[in-house]
There are 2 protein chains.
Amino acid sequence: MVPKGFFPRACTLLPLLMATIGAQGTKTNAPTSIGIVVFPGYEPLDIWGPLELFSSISRTKDIELSIIGHEIGLVTTKPPPRAVDPVTGLPPPTGARVATQILATHSFANAPPLDILLIPGGLGNRVLEERNDTGVEDFIAARYPQLKYLLSVCTGAVSIANSGVLKGKKATSNKASWKWVVTHGKNVTWVPSARWVVDGNIWTSSGVAAGMDMVYAFLSHYYSNDMAAVNEMINLIEYAPHEDPHWDPFAIVHKVPGADPNGSLVDCVKPGGY
Amino acid sequence: MVPKGFFPRACTLLPLLMATIGAQGTKTNAPTSIGIVVFPGYEPLDIWGPLELFSSISRTKDIELSIIGHEIGLVTTKPPPRAVDPVTGLPPPTGARVATQILATHSFANAPPLDILLIPGGLGNRVLEERNDTGVEDFIAARYPQLKYLLSVCTGAVSIANSGVLKGKKATSNKASWKWVVTHGKNVTWVPSARWVVDGNIWTSSGVAAGMDMVYAFLSHYYSNDMAAVNEMINLIEYAPHEDPHWDPFAIVHKVPGADPNGSLVDCVKPGGY
């Protein structure tokens, strides 16, 4: 990728150009390097939904995967203890009482070159903020110039906003945490009714399960010259994707300020390609 | 639970009775113990979809979780190498080229008492069969009498069939592997068009993403006295569940023999409780 200072607009133009011709329009046979960030208290389906799609399409597409944490090793879905609320004097809810552990194969320090980086949300995001831990957003800021695409699910958009790369861009996030989300980022246009938003090479989705819909749309874009493979994959995993990025009943359910009150609560879905 | 030989029909009647009054109709405050089996080459979303729902509802419900493998330790989503096809002389497809690792917290030998046991599918199932590894089905057979409920996603139904507990029962499985699935189990009624099937206390779902729909229905049953909590959970994770167990467009897509050819490819979904 072009160094950041070289052509000031290149980092915006080059991905747009690639998006126009299709990201796989190059003749290179290099595998696509996908990185997924994890931190204690990440929301499971934020990564595992997309991971199922990436994993499944890797049967036929050349993909390399890195699970990237503060350090190499096990990372739990359980958030660390949270700071006491200064107003109530009580600790806030700690979320799920059960937890599982995934192996982070890389750290922020040693992650390989990446084409695609995905950032999950989860209650752990709030703990990072409470502890002034900027590891995730520093990693995003450092890597963004070399990425082809940056993706987030749920409150992962907060990390992206904090990194600064969302400046002047549109994004969305999960709707139950909306009031907290929109306090982040400078000059970010937070879109209150959206299953997912695309601005340049940054794709941000609404909460949790919305990540799967966004990634189906993303893979339809990334492998646009092979929709048969994308649809074969989504039908193999028997997921009927939501294909309208504007469909967002959860903005209504969670009473997001500015949500489209006339938006449909219902979406009719079917197998991919049908 | 009643010992297996004591009342010969009790193991069938008692769960049915409990199902009738609602599993949480007891006054006990004991947590619900959920076990999820893993093996090399399990399909990620088979467990992570249900795990997201179990995890989320554990914010308000008392749940304990065990991830159970052949041994305690890391378990990969990558199947071990497969046997060479005797006809072609070639190894069959190895599935996804990328893998992640989850920590199994327990083994078949030391897993705690369980109320609910969930069995995933995945290509790893075929490898277990090729290697005559009966660990999963032996565990199912041993634990079934003490379970309140047994669940499977995708080809996890094959393990359940092999354990013998499906004898005389109805079940379904994923549709892309249907021809292989139905060669398993004695006196099993394999239902070709079904998102999921319930027979007694055994719930079996179609492929991968169908597990989430089945578990939403299951939790609606298990916590039937608190549907508000179940719907709050599903809306928090922004998943609009498929609520009709008969909807199965993938049986049509994958040309399953006996599938209902007039079944709808389309299902219209919305937030829980709306």
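Please read all numbers here as calculations on a predicted model, not as lab measurements. (Residues numbered from 1 in each chain as written. Chains lettered and ligands numbered in written order. Predicted model: local features only at pLDDT ≥ 70, side-chain atom pairs only at ≥ 80, totals over all residues. Heavy atoms only, no water.)

### Notes on the overall build of chain A
Phase 1: Regarding its fold elements, chain A presents nine helices and 12 strands.
Phase 2: Classification of the 274 residues of chain A by burial places 60% in the buried group.
Phase 3: A fraction of 73% describes how many contacts in chain A between residues 6 or more apart in sequence connect residues 24 or more apart.
Phase 4: Summed over all atoms, the accessible surface of chain A reaches about 10800 Å², with 56% contributed by carbon and sulfur. (Helix = DSSP H or I, 4+ residues; strand = E, 2+ residues; numbered from the N terminus. Buried < 20%, exposed > 50% of the residue type's maximum accessible area, 1.4 Å probe, protein only. Contact = heavy atoms within 4.5 Å. Areas by Shrake-Rupley, 256 points an atom, 1.4 Å probe, with all protein chains shown as cover.)

### Looking at the packing of aromatic side chains
Phase 1: Under the definition given, this model contains 17 aromatic pairs over all chains.
Phase 2: With a centroid separation of 5.6 Å and an interplanar angle of 20 degrees, the aromatic rings of Phe 218 of chain A and Tyr 222 of chain A are classed as stacked. Pair noted here: Phe 218 of chain A and Tyr 222 of chain A are both in helix 7 (residues 210-222), with a separation of four residues, about one helical turn. Side by side, Phe 218 of chain A and Tyr 222 of chain A carry an identical accessibility label, which is buried.
Phase 3: Ring geometry for Tyr 149 of chain B and Tyr 222 of chain B: centres 6.0 Å apart, planes at 80 degrees, overall edge-to-face. Residue Tyr 149 of chain B is found in strand 7 (residues 149-152), and its partner Tyr 222 of chain B is found in helix 7 (residues 210-222); the two are separated by 73 residues along the sequence. (Phe/Tyr/Trp six-rings, centres within 6.5 Å; stacked < 30°, edge-to-face > 60°.)

### Here we look at helix 7 of chain B
One turn of an α-helix holds 3.6 residues; hence residues three or four places apart share an orientation.
All names here are of chain B.
Phase 1: With 13 residues, helix 7 ought to run about 18 Å at 1.5 Å a step, and its terminal C-alpha atoms sit 18 Å apart, in line with that.
Phase 2: Buried residues dominate helix 7, accounting for 12 of its 13 residues.
Phase 3: Where helix 7 is concerned, the buried positions are Ala 210, Gly 211, Met 212, Asp 213, Met 214, Val 215, Tyr 216, Ala 217, Phe 218, Leu 219, Ser 220 and Tyr 222. (Expected span 1.5 Å × (residues − 1).)

### Section: the confidence of the model for chain A
Residue and element names in this part refer to chain A.
Phase 1: Residues with a pLDDT of 70 or more make up 89% of chain A, whose mean pLDDT is 90.
Phase 2: Note on residues 1-8: pLDDT under 50 across the span, and 10 contacts to partners over four residues away in sequence or across chains.
Phase 3: Contacts of residues 17-27 to residues separated by more than four positions or lying in other chains number 11 contacts, the stretch itself having pLDDT below 50.
Phase 4: In the model output, the complex is listed with pTM 0.89 alongside ipTM 0.88. (pLDDT = per-residue confidence, 0-100.)

### Some words on the relation of the copies chain A and chain B
Phase 1: Placing chain A over chain B gives an RMSD of 0.0 Å and needs a rotation angle of 180 degrees, together with 0.0 Å of translation along the axis. The superposition operator between the copies reduces to a two-fold rotation axis. Taking the C-alpha atom as reference, chain A places Cys 268 of chain A closest to the rotation axis, 1.9 Å from it.
Phase 2: Taken together, the interface assignments show that 100% of the residues at the interface of chain A recur at the interface of chain B, consistent with an identical surface on both copies. (Least-squares fit on C-alpha atoms with pLDDT ≥ 70 in both.)

### Focus: helix 4 (residues 135-143) of chain A
Phase 1: Within the sequence span of helix 4 of chain A, burial applies to Gly 135, Val 136, Glu 137, Phe 139, Ile 140 and Arg 143 of chain A.
Phase 2: Buried residues in helix 4 of chain A make contact with strand 1 (32-37), strand 2 (63-69), strand 6 (116-119), helix 3 (124-130), strand 7 (149-152) and helix 5 (156-163) of chain A.

### Quick notes on the packing of helix 4 of chain A against helix 5 of chain A
Residues and elements named next belong to chain A.
Phase 1: Across the interface, helix 4 lies against helix 5 with an axial gap of 8 Å and an inter-helix angle of 60 degrees. It follows that helix 4 is oblique to helix 5 by the angle criterion. With respect to the hand of their crossing, helix 4 and helix 5 are arranged in right-handed fashion. Taking contact as the criterion, the partners of Val 136, Glu 137, Ile 140 and Ala 141 in helix 4 are, on helix 5, Ser 159, Ile 160, Asn 162 and Ser 163.
Phase 2: Taken together, the residues of the contact of helix 4 with helix 5 sort by class into four nonpolar, three polar and one charged. (Axes fitted to C-alpha atoms, helices over the stretch in contact; angles between N-to-C directions. Parallel < 35°, antiparallel > 145°, perpendicular 65-115°, else oblique. Left-handed = near helix turned anticlockwise from the far one by under 90°. Nonpolar A, V, L, I, M, F, W, Y, C, P; charged D, E, K, R; others polar.)

### Here we look at the sheet that holds strand 5 (residues 106-107) of chain B
Residues and elements named next belong to chain B.
Phase 1: The seven strands lie next to each other as 5-2-1-6-7-11-10, forming an open sheet whose pairing is mixed. At either end of the open sheet lies a strand with only one pairing partner, and these are strand 5 and strand 10 (196-199).
Phase 2: Alignment of strand 1 (residues 32-37) against strand 2 (residues 63-69), held across six bridges, turns out to be parallel. What sits directly across from Thr 32, in strand 2, is Ile 63.
Phase 3: Strand contacts of helix 2 (residues 44-57): strand 1, strand 2, strand 6 (116-119) and strand 7, with the helix running at about 165 degrees to strand 1, the strand carrying the most contacts.
Phase 4: The strands touched by helix 7 within the sheet are strand 1, strand 6, strand 7, strand 10 and strand 11 (202-205), with strand 11 carrying the most contacts at an inclination of about 155 degrees. (Pairing = 2+ DSSP bridges.)

### Thoughts on the environment of Ala 109 of chain A
Phase 1: By the element assignment, Ala 109 of chain A lies in the loop between strand 5 (106-107) and strand 6.
Phase 2: Ala 109 of chain A sits 100 residues away from Ala 209 of chain A along the chain, and the two C-alpha atoms are 29 Å apart.

### Section: the sheet that holds strand 5 of chain A
Residue and element names in this part refer to chain A.
Phase 1: With mixed pairing, seven strands are arranged side by side in an open sheet as 5-2-1-6-7-11-10. Each end of this open sheet is capped by a strand with a single partner; those strands are strand 5 and strand 10 (196-199).
Phase 2: Direction of pairing for strand 6 relative to strand 7: parallel, over a ladder of four bridges. Of the residues in strand 7, the one forming a bridge with Leu 117 is Leu 150.
Phase 3: Where helix 4 meets the sheet, it contacts strand 1, strand 2, strand 6 and strand 7, and its direction lies at approximately 160 degrees from that of strand 6.
Phase 4: Relative to the sheet, helix 5 contacts strand 6, strand 7 and strand 11 (202-205), its axis offset from that of strand 7 by approximately 135 degrees.

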